[in-house]
Amino acid sequence: MNRLCDSMEPKVMDDDMLKLAVGEQGPQEEAGQLAKQEGILFKDVLSLQLDFRNILRIDNLWQFENLRKLQLDNNIIEKIGGLENLTHLVWLDLSFNNIETIEGLDTLVNLEDLSLFNNRISKIDSLDALVKLQVLSLGNNQIDNMMNIVYLRRFQCLRTLSLSGNPISEAEDYKMFICAYLPDLVYLDFRRIDDHTKELAEAKHQYSIDELKHRENLMQVRLQDERARQEELEKHKTAFVEHLNGSFLFDSMYAEDSEGNKLSYLPGVSELLEAYKDKFVIICMNIFEYGLKQQEKRKIELDTFSECVHEAIQENQEQGKRKIAQFEEKHLSSLSAIREESELPNIEKMILECSADVSELFNELMMLEMQLVEQLEETINMFERNIVDMVGLFIENVQSLMAQCRDLENHHHEKLLEISISTLEKIVKGDLDEDLPDDLRALFVDKDTIVNAVGASHDIHLLKIDNREDELVTRINSWCTRLVDKIHKDEIMRNRKRVKEINQYIDHMQSELDNLEYSDILD
Amino acid sequence: MEVLREKVEEEEEAEREEAAKRAEWARTEKMMRPVEVRKEETTLTQEMLRDLEKKLSEIQIPISAELPAFTKDTIDISKLPVSYKTNTPKEEHLLQVADNFSRQYSHLCPDRVPLFLHPLNECEVPKFVSTTLRPTLMPYPELYNWDSCAQFVSDFLTMVPLPDPLKPPSHLYSSTTVLNYQKGNCFDFSTMLCSMLIGSGYDAYCVNGYGSLDLCHMDLTREVCPLTVKPKETVQKEEKVLPKKYTIRPPRDLCSRFEQEQEVKKQQEIRAQEKKQLREEEERLMEAEKAKPDALHGLRVHSWVLVLSGKREVPENFFIDAFTGHSYSTQDERFLGIESLWNHKNYWINMQDCWNCCKDLIFDLGDPVRWEYMLLGTDKSQLSLTEEDDSGINDEDDVENLGKEDEDKSFDMPHSWVEQIEISPEAFETRCPNGKKVIQYKRAKLEKWAPYLNSNGLVSRLTTYEDLECTNILEIKEWYQNREDMLELKHINKTTDLKIDYFKPGHPQALRVHSYKSMQPEMDRVIEFYETARVDGLIKREETARTMTEYYQGRPDFLSYRHANFRPRVKKLALSSAESNPRPIVKITEQFFRNPAKPAEEDVAERVFLLAEERIQLRYHCRDDHITASKREFLRRTEVDSKGNKIIMTPDMCISFEVEPMEHTKKLLYQYEAMMHLKREEKLSRHQVWESELEVLEILKLREEEEAAHTLTISIYDTKRNEKSKEYREAMERVMHEEHLRQVETQLDYLAPFLAQLPPGEKLTRWQAVRLKDECLSDFKQRLINKANLIQARFEKETQELQKKQQWYQENQVTLTPEDEDLYLSYCSQAMFRIRILEQRLNRHKELAPLKYLALEEKLYKDPRLGELQKIFA
């Protein structure tokens, strides 16, 4: 049918067209009058129908932020686009168009019903974002590869699928294949799949399905492992001791240290290195465990703090609510009394009383709030002191452990130097009985060179240790400041919000009273 | 006059005796002696009679006279087994041992009363008390525990006081006899209870001792009814929450502490005064309630049951009074002393002093100093030997050795002479004699009935009185069972006139509690429901004359509360009834739970439809971090503007306060739609209220019907009462019987009469077989023909008679009365019917006869006895 329309002039989706459509499809009768009076904002529109309009290109839809249902069927659209802003879309009809590839749907995460019936699509893909997809209509297209079905396995909610009128539907195995590969499907090509067919299909394709499932499972397991590892690392990172539960730091010390590596070939050095590594790793492990423990402690501290603060705020809110409820009860009765009163001076007197009540309420609420602010400030300061102390202690202890590392390094350095010098002496004397690699032998030219080389290695190691220490200290410090800042800021925000709320309420009450006054005077 | 008075006194005497006797006869249900002929009173004048009547009415027959012990001559001993009437040699031996024991005891303790060892039984045979105990485990699970067991015994038997309150009875009947007559004295009660308790595994003993007057006469009027005692509320100890590290400090308290202290002091003084007054009041009351001193205090013989700790997880020793079924601590001051106690294995004498009631007694039966046992070698002599030796040396008295030397060391108690105690299920269900029992408590009266005894299912009634004399009723509680309307308890408060009905789950309207003052609609009432059984989740509906409040739970629309205010009904024509003229509703208030799926500012918490003012008020839920909630008020008034056009919506028709002002809610369109929605909701709510009113009417009607019908349900397992199942069973039996008859018929041996002609046990020759067959067949043929002839004859006879009648009719047609004509016509139709049936029968017979003949031939041919026949054809 759309082929016939090709000859007609394509139309542009402009503002006028949209306005017209919105007006036509908007509320009717009395509500319609109101709507016309006020005008409808595009972002309030929930459903839009734009069929048989010869639209070539989807455009100008960015304002319809809250659109749930969009019908663009029976147009001559060739390319899906311009739908990026319509993230609330649930229902999208693009049937009877000239679309060739599926694209531009990546932001429509809420889409449940998608119709691409009677287009020119040859491949199912680019639907990954549509996790809630339930109904997919792809009939009368040019899909010719059965393997497209496998792609649909990822949609957990998919229940209805139509693929009739595609080249693949000609295949004799078509129905069985789909039933086997999409076992959760309920309707295929507008017909219910009965249990018997399902069983048959399952039996028929059991081997390939099992294989597929096995592969999928493997993938799943691998993903899970990866995720678990990532989570573990994340946990260590929040404790600022990541990669300290092994020889990672030690290895990194030697990674960029060419001299050190060369020197390790010296006789006796490898044993030394081994012992050094063991001791070093033990200290690293100590730091790691200590870090995790401290992290736990900080977490408990933080939890208690937030719990207490939450309780205090809740308690305060309850008090506020009670006050307001009391006030409203009184206020309502006095308002009705005013309405019934006919003497003007009396009315004025009562209104004055009422406004006094309102300001009284204001004072009470504000007092409550100020009291809470004071209490919270005290608690927050206490918490800040404690957390800073904890962090300080942690840094101190880590630093002392790191100093142990450094001591080890120094010790190792001395030993290495000793060995080096003795080796040098042996070389000079010429009674070295072992073979040394050439690049190592090149270092043993004179005493300065070898001392420099050993020194350079030592410096690198120290630098690495220092760097790790610095990193840890800076990070924990910045975490601490950020946390405290956030708490302070949150508290301020909360306070502002509450004050604003109280003011708003009081203003409303006051204006209500004022209105009453005017209306009375008018009467 | 003097003579007359004497005569009157004689009369009285005679009357009294007669009354007593009558009562006795009525009770024992055994009219052994013919009723005595009343004395002639013809000599007395009318006046005298009146005087006599007056005097007689003044006489109060003492209660004891009404309750005579059922004596030996009322018991039919002829059917009792031999063991009741004679003693076995072993029992004789035991009696000798007991006599010896008793002699030694009276010799050593001359100042103590003789032992209660071997009273006579119903057959005048002396039996040792321990052998009267017959440990029996009852087949009813309800009787497995001591409390229900004791309750059963106290319910089942009627109490009879001892003939002499200061001595143990001379007779002790077997439990089976006691059960048969459903009455007994305290010894019978405790013997039976003890048998049952030992049977179900308790370490129980019968006690012969001394009790207070109330105890001996089963007088509960000074005791508080256990049903009226409210269970003490367990005070929940509030767990003191430890202040957390960061708990905020409370704001400084600016009140004066001194003033607070003064206030507290003042309060305390007032309270102390109140308490004092209360105490004085209580003391006064106590004085009034105290019993009169008893002249025979401490001498009244009583028997009860002692349960020792150890078995069946009993944590400590206690007494059970078999009369009331209540348990008492061993320290209780109503039990004034113990003479002896026994179980089915042994007999112990108390050697401890009972000057301080039973409070100082130690129930270590293995201690021979405190408890002197009669038989050695039972399991209670467990105290270690050394101690026994010690006591033996220390004690100058050789009481502990008495009865031991001449007693066979290995002698144990003979088996009980009593038959097994059996209680039929009917008796068990009926419980009390005649299914009814009344217990008088202090300021309360408890009546009990057997289930199904009362046609309305009433099983017990507790009446509570204001005063000790039981004249002013305070409240009545009635318990029901097996009612079809599931009514469980009816509570009537006489002072406030409030009635509360409690229901078990299963009422057609899911009623749980219904409290009301009158059954008229639109009065004060509260109806509670089993909300899970209702579709609308209604928990409670409260009604007053002008309001109706409903509470809901678990509804998909989150409605929790609906309150409707009514205006008094507008007086209309008398025609309109309550249903067609509902009260106008002034206001409907509805409250909702928080719907977690909606944001708080769009989730309505309360809506008020002010129907009279055409106003709708909405209050929304409060957001978690806010203290104010959004509100909105709609004025539904439809107005007309200056040009006469209808104003659809103006901004002042909706006044709203929003916590967080939003743009779309300011629009008139939004407000208009919201208002339209609310209008629809209002209509629905009004309808709901109206339906609720109708439902109340319906419930009231249903309740009245149920009260009037008070049908009882009968369990399908109750074979005795379930009429329907009985009918069904009988029908089944009938069908079975018929089936059986038919089978017998089919097995009718058609060959038997012919075979009988031949000598039995001989094999038939072929010739004989053929002859037999032919005879049988010809006989059958003859029978078929006879039958056909018979039918034919009857048919002809009927036809002839009819013809005769017709002839007669035609001859006398003119002279016949209408009645005769009617008679004739009915006769004709009946005769025609008979003729038709006979004709049909004949036809059917003609059709069937050849078939039957062939069938018989076939049968004969296949009959194994005529096997010879087959051989030829085979």
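These numbers come from a predicted model, not from an experiment.

Conventions adopted
- Residues numbered from 1 in each chain as written.
- Chains lettered and ligands numbered in written order.
- Predicted model: local features only at pLDDT ≥ 70, side-chain atom pairs only at ≥ 80, totals over all residues.
- Heavy atoms only, no water.
- Helix = DSSP H or I, 4+ residues; strand = E, 2+ residues; numbered from the N terminus.
- Contact = heavy atoms within 4.5 Å.
- Buried < 20%, exposed > 50% of the residue type's maximum accessible area, 1.4 Å probe, protein only.
- Pairing = 2+ DSSP bridges.
- Buried area = accessible area lost by both parts, 1.4 Å probe.
- Salt bridge = Lys/Arg side-chain N within 4 Å of Asp/Glu carboxyl O.
- UniProt positions renumbered as here; feature names shortened; annotations may be inferred.
- Patch = residues over 30% accessible without salt bridge, like charges linked within 9 Å, V, L, I, M, F, W, Y side chains within 5 Å.
- Areas by Shrake-Rupley, 256 points an atom, 1.4 Å probe, with all protein chains shown as cover.
- Polar contact = N/O pair within 3.5 Å; in protein donor to acceptor, adjacent residues only side chain to side chain.
- Axes fitted to C-alpha atoms, helices over the stretch in contact; angles between N-to-C directions.
- Parallel < 35°, antiparallel > 145°, perpendicular 65-115°, else oblique.
- Nonpolar A, V, L, I, M, F, W, Y, C, P; charged D, E, K, R; others polar.
- Lys, Arg positive; Asp, Glu negative; His and termini not counted.
- Charge placed at Lys NZ, Arg CZ, Asp CG, Glu CD.
- Phe/Tyr/Trp six-rings, centres within 6.5 Å; stacked < 30°, edge-to-face > 60°.
- Lys NZ or Arg CZ within 6 Å of the ring centre and 35° of its normal.
- Left-handed = near helix turned anticlockwise from the far one by under 90°.
- Expected span 1.5 Å × (residues − 1).
- Bend = angle between axes of the 7 residues up to and from the residue.

**Quick look at the overall build of chain B**
Alright, step 1. Of the regular secondary structure elements, chain B holds 19 helices and 25 strands.
Alright, step 2. Pairs at least 24 residues apart make up 57% of the contacts formed inside chain B by residues separated by at least 6 positions.

**So, the pairing of strand β16 (residues 511–516) of chain B**
All names here are of chain B.
Alright, step 1. Where burial is concerned, most of β16 is hidden: five out of the six residues are buried.
Alright, step 2. Bridge analysis of strand β15 (residues 498–503) against β16 gives four bridges, and the strand direction is antiparallel. Looking at β16, one finds that Asp501 is bridged to His514.
Alright, step 3. Looking at chain direction, β16 and strand β17 (residues 525–529) are connected through five bridges and run antiparallel. In the sheet register, Val513 faces β17, and the bridge partner there is Glu528.

**Thoughts on the interface of chain B and chain A**
Alright, step 1. Across the contact, 30 residues belong to chain B and 42 residues belong to chain A.
Alright, step 2. Both faces considered, chain B and chain A share a buried interface measuring about 3300 Å² in area, 57% of it formed by carbon and sulfur atoms.
Alright, step 3. On the chain B side of the contact with chain A, Tyr246, Ile248 and Ile627 of chain B bury the most area, a combined 26% of that side's loss.
Alright, step 4. Applying the counting rule to chain B against chain A returns two salt bridges.
Alright, step 5. Residue Asp625 of chain B is joined to Lys497 of chain A by a salt bridge in which the shortest nitrogen-to-oxygen separation is 3.0 Å.

**Section: the UniProt feature "coiled-coil region" in chain B**
Residue and element names in this part refer to chain B.
Alright, step 1. This chain's UniProt record puts "coiled-coil region" on residues 1–60, 257–297, 688–711 and 781–807.
Alright, step 2. The span residues 688–711 is 92% helix and 0% strand, and its two end C-alpha atoms sit 32 Å from each other.
Alright, step 3. Across residues 781–807 one finds 100% helix and 0% strand; the C-alpha atoms that close the span lie 39 Å apart.

**Section: a nonpolar patch on the surface**
Alright, step 1. Taken together, the side chains of Leu848, Leu851 and Leu854 of chain B present a nonpolar region at the surface, about 270 Å² in accessible area.
Alright, step 2. Looking at where Leu854 of chain B falls in the secondary structure, it is placed in helix α18 (residues 818–862).

**Remarks on the environment of Thr817 of chain B**
All names here are of chain B.
Alright, step 1. Mapped onto the fold, Thr817 is located in the loop between α17 (766–812) and α18.
Alright, step 2. Judged by relative accessible area, which is 35%, Thr817 ranks as partly exposed.
Alright, step 3. A polar contact is formed between the side chain of Thr817 and the side chain of Asp820, at a distance of 3.1 Å.

**A look at the UniProt feature "coiled-coil region" in chain A**
Alright, step 1. Annotation from UniProt places "coiled-coil region" at residues 358–391 of chain A.
Alright, step 2. Its end C-alpha atoms 48 Å apart, residues 358–391 of chain A is made of 100% helix and 0% strand.

**Observations concerning the packing of helix α8 (residues 248–255) of chain A against helix α10 (residues 269–340) of chain A**
Residues and elements named next belong to chain A.
Alright, step 1. α10 packs onto α8 with a crossing angle of 130° between their chain directions and a minimal axis gap of 8 Å. In terms of their interaxial angle, α8 and α10 are classed as oblique. Contacts between α8 and α10 pair Leu249, Phe250, Asp251, Met253 and Tyr254 from the former with Leu273, Tyr276, Lys277, Phe280 and Cys284 from the latter.
Alright, step 2. Looking at the contact of α8 with α10 residue by residue, the classes come out as eight nonpolar, no polar and two charged.

**A look at unusual backbone geometry**
Alright, step 1. We note that Asn54 of chain A has phi near 55°; this positive angle belongs to a residue other than glycine.
Alright, step 2. On the basis of relative accessibility, which here comes to 9%, the residue Asn54 of chain A falls in the buried class.
Alright, step 3. Look at Arg443 of chain B: it is not a glycine, yet its phi comes out positive at around 60°.
Alright, step 4. Turning to its location among the elements, Arg443 of chain B is positioned in the loop between β10 (436–441) and β11 (444–449).
Alright, step 5. Residue class for Arg443 of chain B comes out partly exposed when judged on its relative accessible area of 24%.

**A closer look at the sheet that holds strand β3 (residues 203–211) of chain B**
All names here are of chain B.
Alright, step 1. The strand order β6-β5-β4-β3-β7-β8-β9 describes an open sheet built from seven strands, whose pairing is antiparallel. Among the strands making up the open sheet, the edge pair consists of β6 (326–329) and β9 (371–373). Along the sheet, successive strands turn relative to each other by an average axial angle of 35°, direction set aside.
Alright, step 2. The pairing of β3 with strand β4 (residues 301–308) spans eight bridges and is classified as antiparallel. Across the sheet, Gly209 pairs through a bridge with His302, a residue of β4.
Alright, step 3. Across the sheet, helix α9 (residues 186–199) is in contact with β3, β4, β5 (318–321) and β7 (335–342); its angle to β4 comes to roughly 15°.

**So, a negative patch on the surface**
Alright, step 1. Together, Asp194, Asp195, Glu199, Glu202 and Asp210 of chain A make up a negatively charged patch on the protein surface.
Alright, step 2. In this fold, Asp194 of chain A is placed in the loop between β8 (191–192) and α6 (195–204).

**Overview of a positive patch on the surface**
Residue and element names in this part refer to chain B.
Alright, step 1. Residues Lys787, Arg794, Lys797, Arg841, Arg844 and Lys852 make up a contiguous surface patch of positive charge.
Alright, step 2. At the level of secondary structure, the elements contributing two or more residues to the positive patch comprise α17 and α18.
Alright, step 3. Along the chain, Arg841 falls in helix α18.

**So, the pairing of β4 of chain B**
Residue and element names in this part refer to chain B.
Alright, step 1. Burial within β4 is extensive, with eight of its eight residues counted as buried.
Alright, step 2. Burial of the side chains of β4 extends over both faces: Val301, Ser303, Val305 and Val307 are buried on one face and His302, Trp304, Leu306 and Leu308 on the other.
Alright, step 3. Two elements, β4 and β5, share three bridges in a ladder whose sense is antiparallel. By the bridge assignment for β5, Val307 is matched with Phe318.

**Describing the sheet that holds strand β3 (residues 91–93) of chain A**
All names here are of chain A.
Alright, step 1. Overall, mixed pairing links the eight strands, which are arranged β1-β2-β3-β4-β5-β6-β7-β8 in an open sheet. Edge positions in the sheet fall to β1 (47–49) and β8, since each of these pairs with one other strand and no more.
Alright, step 2. Relative to strand β7 (residues 187–188), strand β6 (residues 160–162) is paired through two bridges, and the arrangement is parallel. Within β7, the position partnered with Thr160 by the bridge is Tyr187.

**A short note on the pattern of salt bridges**
Residue and element names in this part refer to chain B.
Alright, step 1. All told, the structure shown has 66 salt bridges over all chains when counted by the stated rule.
Alright, step 2. Across the pair Arg541 and Glu550 runs a salt bridge, and its minimum N-O distance is 2.8 Å. The pair Arg541 / Glu550 is uniform in exposure class, with both members buried.
Alright, step 3. Where Asp625 meets Arg623, a salt bridge forms, and the shortest distance between an N and an O atom there is 4.0 Å.

**Remarks on the packing of aromatic side chains**
Residues and elements named next belong to chain B.
Alright, step 1. Applying the stated rule across the entire model yields 31 aromatic pairs over all chains.
Alright, step 2. With a centroid separation of 5.9 Å and 85° between ring planes, the pair formed by Phe319 and Phe363 is classed as edge-to-face. You can see Phe319 sitting in strand β5 and its partner Phe363 sitting in the loop between β8 (347–350) and β9, a full 44 residues away along the chain.
Alright, step 3. Relative accessible area serves as the criterion here: at 10%, Phe363 is assigned to the buried category.
Alright, step 4. The interplanar angle of 10° and the centroid separation of 5.7 Å between the aromatic rings of Trp342 and Tyr347 together place this pair among those described as stacked.
Alright, step 5. One residue, Arg483, lies across the ring of Tyr480, its end atom 5.1 Å from the ring centre.
Alright, step 6. The ring of Tyr552 carries the charged tip of Arg555 above its face, separated from the ring centre by 4.7 Å.

**Describing the side chain of Glu695 of chain B**
Alright, step 1. The residue Glu695 of chain B is located in helix α14 (residues 668–709) in this model.
Alright, step 2. Contact partners of Glu695 of chain B, with chain neighbours within four places excluded, come to Gln509, Arg534 and Arg541 of chain B.

**Comments concerning the packing of helix α7 (residues 146–156) of chain B against α9 of chain B**
Residues and elements named next belong to chain B.
Alright, step 1. One can describe the packing of α7 onto α9 by two numbers: an axis separation of 10 Å at closest approach and a directional angle of 150°. In terms of axis orientation, α7 runs roughly antiparallel to α9. Classified by chirality, the crossing of α9 by α7 is right-handed. Facing Trp146, Cys149, Ala150, Phe152, Val153 and Ser154 of α7, the residues of α9 in contact are Phe189, Met192, Leu193, Met196 and Leu197.
Alright, step 2. By residue class, the composition of the contact of α7 with α9 is ten nonpolar, one polar and no charged.

**Points about α18 of chain B**
All names here are of chain B.
Alright, step 1. Taking 1.5 Å per residue as the helical rise, α18 with its 45 residues ought to reach 66 Å, and the 64 Å between its terminal C-alpha atoms agrees with that figure.
Alright, step 2. The largest bend in α18 amounts to roughly 35° and is located at Leu848, with the proline Pro850 lying one to four residues further along.
Alright, step 3. Inspection of α18 places Tyr824, Tyr827, Cys828, Ala831, Ile835, Leu838, Leu842, His845, Ala849, Leu856 and Leu860 among the buried residues, and these make up the whole buried set.
Alright, step 4. In this fold, the buried residues of α18 make contact with α17.

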